[in-house]
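The chain contents come next:
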Amino acid sequence: MKVYEFGEADKPVIMLFPGTCCYWKSNFGHVIPGLSEHFRTLVVSYSGFDETEHSTFISELDETEKIEQYIREKLDGKLYAAYGCSLGGSFVSLLVSRRKVHIEHAIIGSSDMDQAPKWLAKLETAIMIPMFYPLITGKGSSMFQKMFEKKMNDGNDSSDYMKRFMEIMKGDGSLDMSFISKASMKNQFCTDLYTKVGEHIHVPGTVIHVFYAKKMGEKYQDRYKLHFADPDIREFDLQHEELLLDADRWVKEVCDACMILDLSLIHIS
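All of the points below concern the structure found in this document. These numbers were taken from a predicted model, which means no experiment stands behind them.

## Looking at the side chain of Arg234
Secondary-structure assignment places Arg234 in strand E7 (residues 232–236). In this structure the side chain of Arg234 is engaged in a polar contact, spanning 2.8 Å, whose partner is the side chain of Asp256. Ignoring sequence-local partners within four residues, the contact set of Arg234 consists of His209, Val210, Phe211, Tyr212, Glu253, Asp256 and Ala257.

## Examining helix H3 (residues 60–75)
With 16 residues, H3 extends 21 Å from end C-alpha to end C-alpha; this agrees with the ideal 22 Å at 1.5 Å per step. Among the residues of H3, those classed as buried are Glu60, Glu63, Thr64, Ile67, Glu68, Tyr70, Ile71 and Leu75. All buried residues of H3 project into a common sector of 160° when viewed along the axis, lining one side. Buried positions along H3 lie against strand E1 (2–6), strand E2 (13–17), strand E3 (40–45), strand E4 (78–85), helix H4 (87–98) and helix H8 (182–194). Looking one or two places after H3, you find Asp76, whose phi comes out positive at around 60°.

## Observations concerning the sheet that holds E1
Strands belonging to one sheet form pairs held by backbone hydrogen bonds; the direction of such a pair is parallel or antiparallel. Overall, mixed pairing links the seven strands, which are arranged E1-E3-E2-E4-E5-E6-E7 in an open sheet. At either end of the open sheet lies a strand with only one pairing partner, and these are E1 and E7. Each adjacent strand pair in this sheet contributes to an overall mean axis angle of 20°, direction not counted. Direction of pairing for strand E6 (residues 207–213) relative to E7: parallel, over a ladder of five bridges. Pairing of Tyr212 across the sheet is with Glu235, part of E7. Lying over the sheet, H3 contacts E1, E2, E3 and E4, oriented at roughly 160° with respect to E2.

## Focus on the packing of H3 against H4
The N-to-C vectors of H3 and H4 enclose an angle of 65°; their axes lie 10 Å apart at closest approach. Classified by chirality, the crossing of H4 by H3 is right-handed. The segment H3 lies against H4, with Glu60, Leu61, Glu63, Thr64, Glu65, Ile67 and Glu68 engaging Leu87, Ser90, Phe91, Leu94, Leu95 and Arg98. Class assignment of the residues belonging to the contact of H3 with H4 gives a composition of six nonpolar, two polar and five charged.

## A look at a nonpolar patch on the surface
On the surface, Trp119, Leu123 and Ile127 cluster together to form a nonpolar patch covering roughly 360 Å² of accessible area. Considering the arrangement of structural elements, one finds Ile127 in helix H5 (residues 118–137).

Procedures and definitions
Residues numbered from 1 in each chain as written. Predicted model: local features only at pLDDT ≥ 70, side-chain atom pairs only at ≥ 80, totals over all residues. Heavy atoms only, no water. Helix = DSSP H or I, 4+ residues; strand = E, 2+ residues; numbered from the N terminus. Polar contact = N/O pair within 3.5 Å; in protein donor to acceptor, adjacent residues only side chain to side chain. Contact = heavy atoms within 4.5 Å. Expected span 1.5 Å × (residues − 1). Buried < 20%, exposed > 50% of the residue type's maximum accessible area, 1.4 Å probe, protein only. Arc of directions from axis to C-beta. Pairing = 2+ DSSP bridges. Axes fitted to C-alpha atoms, helices over the stretch in contact; angles between N-to-C directions. Left-handed = near helix turned anticlockwise from the far one by under 90°. Nonpolar A, V, L, I, M, F, W, Y, C, P; charged D, E, K, R; others polar. Patch = residues over 30% accessible without salt bridge, like charges linked within 9 Å, V, L, I, M, F, W, Y side chains within 5 Å. Areas by Shrake-Rupley, 256 points an atom, 1.4 Å probe, with all protein chains shown as cover. Salt bridge = Lys/Arg side-chain N within 4 Å of Asp/Glu carboxyl O.

See below:
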């Protein structure tokens, strides 16, 4: 695991957590310049998903412990804010609920918060990884990959969203993603499903903000209310992590949630 840092040291610290199988730079590279005007910005690059390391993602809890150790050693155990994209929302939830470090503003970025018993998680992983792995890494091919690429090139609003969403997962195709092992992808996908994040999470001094993508469906809002005792649910008429695709708007919403007051400096086109 590595952590990349941007911005001035005297600004409040925000830590960003990528989504499932996402490359840190493609996931957050487009928002880092704007965010770093207001925050000391740290981006986690998970074990097994960084081209500078020869490592394997073991489990969500194993990675959480590494992150906690980093925050304790480098940041005195405290974060002003954290944002979790999709799977990253599970990491933020675990960090809050385990209470080994403290986060003042914990932002869940339209995470689906899917939970499953271990046997079902393993079954879903066995089905999904053979389809998903070629799509992300370019190693081999699958019928799913061909269907997905066809849909991305259909030229409608849905295909545009899919294309842009894939870019935050693996970039524009210029990066060779073959360094990601099937074991890392499998372990990340599977352990995220069966690792319990807790229910009715409440920690004094921590505010849970949820960027709820309304087009995902009401059941996800119900999940947020199950997992968090008193979440600040911010509703957007958007799809999963679609807000993150709009860098200026996303930075403004993060600053607003975290009570960063100089919003006049943020340009919204």
